[in-house]
Each structure stands twice: as structure tokens, then as C-alpha cells.
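What follows is each chain in one-letter form.
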Amino acid sequence: MKWWQKTIAYEIYPRSFYDTQGKGTGTLQGIIEKLPYLQSLHIGALWITPVFRSPMIDNGYDVADYTDIDPMFGEMKDMDQLIQEGKKYDIRIVLDLVFNHTSDQCPWFLESKKDRTNQYSDWYIWKDPKPDGSAPTNWRSIFGGSAWTYCKERNQYYLHTFAVQQPDLNWADAQVRKALADVANFWLDKGAGGFRMDAVTYIKKPEVFADGPVDANDGMSAIHPLTANQPGILDYLHEFKDRTVKGKDVFTVGEANGVETDELPQWVGKDGVFDMIFSFDHVHVPLGKAEEWCYAPEWKLSELKQALNNIEKSTGEGWCPVFFENHDSPRSVNNFFTCEGSYADKAKALGTVLLTMRGTPFMYQGEEIGMHNTAWDIHEYNDVSSYAQYQFALKEGFNEEEALAAVHRFSRDNARTPMQWNSEVNAGFTSGKPWLKVSEDYQKINVEAEETDNGSVLSWYRKLASIRQQHEELISGSYEEIMAEDEQIFAYYRKDKTHTALVLVNLSSQPADFDPALTQGFSVLVQCQKNQTGKLAPFGVLLLEKTNR
């Protein structure tokens, strides 16, 4: 097995992790200072969201210079130090490559927009207006509004799948593909341990740019189904792999929203383009139907289990990441649960699945202490997509209270509030004014308080992370689901040649029964809550093991 299959990964949103300068934003030196903390969680790969030079319209996902560090986070020498210090703790630094688009302040785009004949003229997606002067198509960007913006210098429109300030690159241009490969190799030469590839399913555009079906009151058509995962995308990605990471002791993981589970074998594994991809089917289970997006519809545990199992099975001989949170998602305890019960118990139950499923676990900062969503006035949010979401809901006929409820549930700022280190002012994140409000619960939910509490979420995560590293079947063992139709308990075996682990997790707020014969011959490795024979307490956990005969 490769090192990245054996380890635990951790995602950091640097702006919100730890501030060493008192300026209200996290720094690379802050990450360096917290490496011992990450080591205590058995972290071996650290995925850092973009710290490249950027105007920060989309918090770094609008890159102006891929080979420079934004002053907000520090300097290049700080990144060099982080890579080297990480090695001392056996932690490799994984960088986030945003290659679908750049910032509109990127020198490439500033040149491209000047005219139609310069060196960079074809580096972006430019199209002529319709005869009436309107946008080339009726596509709605993911952040709302038209996906096209007019440029008077060229008398053309440029495409932006996301914000106006994030023009899409033209991967059909060989010069673009070479430039992006050069960026990746620049960081590999510095010692990067791998890459996460952002929004990668959008890099290949359709052969024909045509209007899509109108699906909302704004007269536009959602861009995602019209442009994601187009034929020929794998050719681009194979070329990128061959030019950069092939044969190197690093890993790649793609953000592959739009890739169906039956397509996964083409994307991952020996003949795939990535070592792993993030598939979001399981995270989307609680979202319900599109017309119910402002509410929290009921969902069944069997749906979540089926989604996770489909990912496992469809990956085939490949490998998958296991995750419930990231910087674009609500906190998992809010996304998956609207029932009664403590946030801590819910976090421990989800954390058990995270750390015992087959695949590489990806923790997100704060997940290991049970951080959860916030609920603010609309003007207190920073996330550009939250404002667009709010306005779109109003246009769809929802009132202000309903529109704000949707923001409370879905805003990416839920995951981006500052990391809660202690109960001091600003949760110990900064001595200055934080760039984003600290969640109101920081005096109870913080690292310092949970480190001394054996019953805390953090203690549970550390315990499970340690058990995972000590029991090989939880890393390399096969995965076999049992009790598939049960709507309370998620149960499965992890088995290798010498040992079998049995995982039983009650993901409901009510006691759950199971056949006690299942546990015969097993010894308890660890359990959470006061379980009884044949019965799991609400959000109760049983992790057992036996020696194979």
C-alpha cells in the first residue's frame, strides 16, 4: 500500500486556522505552530486550501499568481519552512490547485482581455454576443447571475462558471495546459506531497455552446449539467498526470462533482487520472429535492449507506477518500441531523464512520472538536455565494425569513468560522479582530477544554485515530456491509488475513436493537455511550475485533 492509503488527511482553511500576527487572519506560521497538535491526531497529509496571491474575492479560489504566496498568509519562505517542518512530523503538505479558472487580476487574463491577437488571447473562453448583443448563452453561474460578462476591449463575453472575477481558462489551448503543468512541477520541486484539484470537472467545455432549458424564474439555465464532465476531459487529465505526478511519491485527489459512480474506475486507480476523487453523493443525501432546498427534508439512513457503498464498490481496485465535511459544506452534525441529541454524541458517531471505513479519512478543521453551524444576519456573512443564494431565493418567491434560513443551512461560512482553540477572546484564534465572526459556542467547544475531557469529541477522535493505526484491518482490510436495510444502525466488517473488525454505529436519537449473535467471538476495542447487549444507545458506537481462524 502507498503511504497516502495508510495515513489520515486533514484539511486546513488557512484564513481561519491560527493567526500569529494579530491581524485577524490565519498564517502559514500558525500552521507550523500547530503541527504537534496535528501529529496528535495521527495526521500524515495536510491539505491546505489556496494561499497563492489573490484579490480574495472567493477567499483564495481566485488566483492571481500560482507561484507566489499571498501576503495575508506570509511569504514563500514560510511555505518552504512549512514543507520542511512538516517532514519532521511525518506530515506532507498537499496544495489546492485551482485550474478551472484564475482571478480576473491574473496577468494572463489582463493580457487576454486587451485584444484578440495577443499571446494570451485564447487562454480564456471568449465568445461573440448574440445578434441582439446579449450573452452567448443563457447559462447561470454557480454563484448566481449570468455565467458571461461583457468585455468592451474585445467586444466579446468571457465565461465564468463561478464569480464574475473568476474567468474560466481554456484548456483546449496547449499553451494553457503546459503553463498549468509547469505550476504543478514548480510546487513538486519544492517538496509538495500532492495536490487537490479544485472544480476539475468543469475544465473541458462542450463542443457546442447553446442555451439550456429555462429552469427558474430568472430565465436562465443552471451551468453545471451543461458543462460538467464533458467528453474528452480525461484526455486532458491524463496528459496533466503524465507531465507532473506520474512516477512520483505523491498523491492527487480531484473534486469531481458531476462524476457518476459508474464512471469512477475511469477516474481513479492504476489507469485513472487521480489517486482519489471526492464524490459528493453521500453528502448530498440530506439535501432532498431541488424544490425543497430551503428546508430540511426527511431522509433515510439506508440512502446514506447506499451512497457510501456505491462509492466503495464503484471505485473497484482504486481508492477513495472518506469525508463528511470540507470548506464548501455545512458542518456535518447539522447536515446529517435535525433530531434531538447532543452535538458531541452526533460528532462522535459520524467520526467513527469516518475513521473506520475503507479509504483515506479526510478530517476538516474543527470537525474533530464537534464544531457546528452558526446563524447570523445576512450582512454578517462573508461568503460570496451566500449572498447570491439569498438573492436567488428571494427571486424564487421565498420570503426573507425563508431565504435567510437557507443561508443558515447551506452557507460555506458555516465551515469557515475561526478554529476554536480555547475559551479566551476570539477563541484563541487571533489577538486582533477576526476576519469572520467566531462561532458563539467557542467557550464550550474548543481544543483546550476538550483536551482535558476524556469524554470529549477530540478525545474520541484521538482514540479512534490511534486504534486505526494499530489495527491493520481498519486500513487495508476489505469492507463488507451488514444490516443494509436498518434505518438506525450503520454496520460493517473490516477484514484482513488475520483479524476482523466489526463496526456498529447508531446514527439515530433512539435506542437501536441488533442481533447479539453478531458480536459472538468478538472483543470490544472501544465503545461510546452506555450500550447494552443487543442494543445501542442513541448515537452509540461499538467497535469490536476478533482473530480469524
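Quick look at the structure, then. The structure presented is a predicted model; accordingly, all values stated were derived computationally and were not measured. (Residues numbered from 1 in each chain as written. Predicted model: local features only at pLDDT ≥ 70, side-chain atom pairs only at ≥ 80, totals over all residues. Heavy atoms only, no water.)

**Overview of helix H15 (residues 400–410)**
Working note: α-helix, 3.6 residues per turn, so residues spaced by three or four point in the same direction. Residues of H15 that are buried: Ala403, Leu404, Ala406, Val407, Arg409 and Phe410. Its side-chain oxygen placed 3.1 Å from the backbone nitrogen of Glu401, Asn399 serves as the N-cap of H15. (Buried < 20%, exposed > 50% of the residue type's maximum accessible area, 1.4 Å probe, protein only. Helix = DSSP H or I, 4+ residues; strand = E, 2+ residues; numbered from the N terminus. Polar contact = N/O pair within 3.5 Å; in protein donor to acceptor, adjacent residues only side chain to side chain.)

**Let's talk about unusual backbone geometry**
Its identity is not glycine, yet Asn59 carries a phi of approximately 50 degrees, on the positive side. You can see Asn59 is positioned in the loop between strand E3 (52–53) and strand E4 (65–69). On the basis of relative accessibility, which here comes to 6%, the residue Asn59 falls in the buried class.

**Remarks on the packing of helix H13 (residues 343–356) against helix H17 (residues 457–470)**
Where H13 meets H17, the closest approach of the two axes is 10 Å, and the angle between their N-to-C directions is 15 degrees. For the element pair H13 / H17, the angle class is roughly parallel. At the point where H13 passes H17, the crossing takes the right-handed sense. Contact residues: Ala344, Ala347, Lys348, Gly351, Thr352, Leu354, Leu355 and Thr356 in H13; Val457, Trp460, Tyr461, Leu464, Ala465 and Arg468 in H17. (Axes fitted to C-alpha atoms, helices over the stretch in contact; angles between N-to-C directions. Parallel < 35°, antiparallel > 145°, perpendicular 65-115°, else oblique. Left-handed = near helix turned anticlockwise from the far one by under 90°. Contact = heavy atoms within 4.5 Å.)

**A short note on the packing of aromatic side chains**
Using the criterion set out here, one finds 38 aromatic pairs in the structure. Geometrically, the ring pair formed by Phe337 and Phe539 is edge-to-face, given 5.3 Å between the ring centres and 85 degrees between the ring planes. Residue Phe337 is found in the loop between helix H12 (332–336) and H13, and its partner Phe539 is found in the loop between strand E21 (535–536) and strand E22 (541–547); the two are separated by 202 residues along the sequence. Through pairs of rings, three or more aromatic residues link up here, namely Phe52, Tyr66, Phe99, Trp108, Tyr120, Trp123, Phe186, Trp187 and Phe240. (Phe/Tyr/Trp six-rings, centres within 6.5 Å; stacked < 30°, edge-to-face > 60°.)

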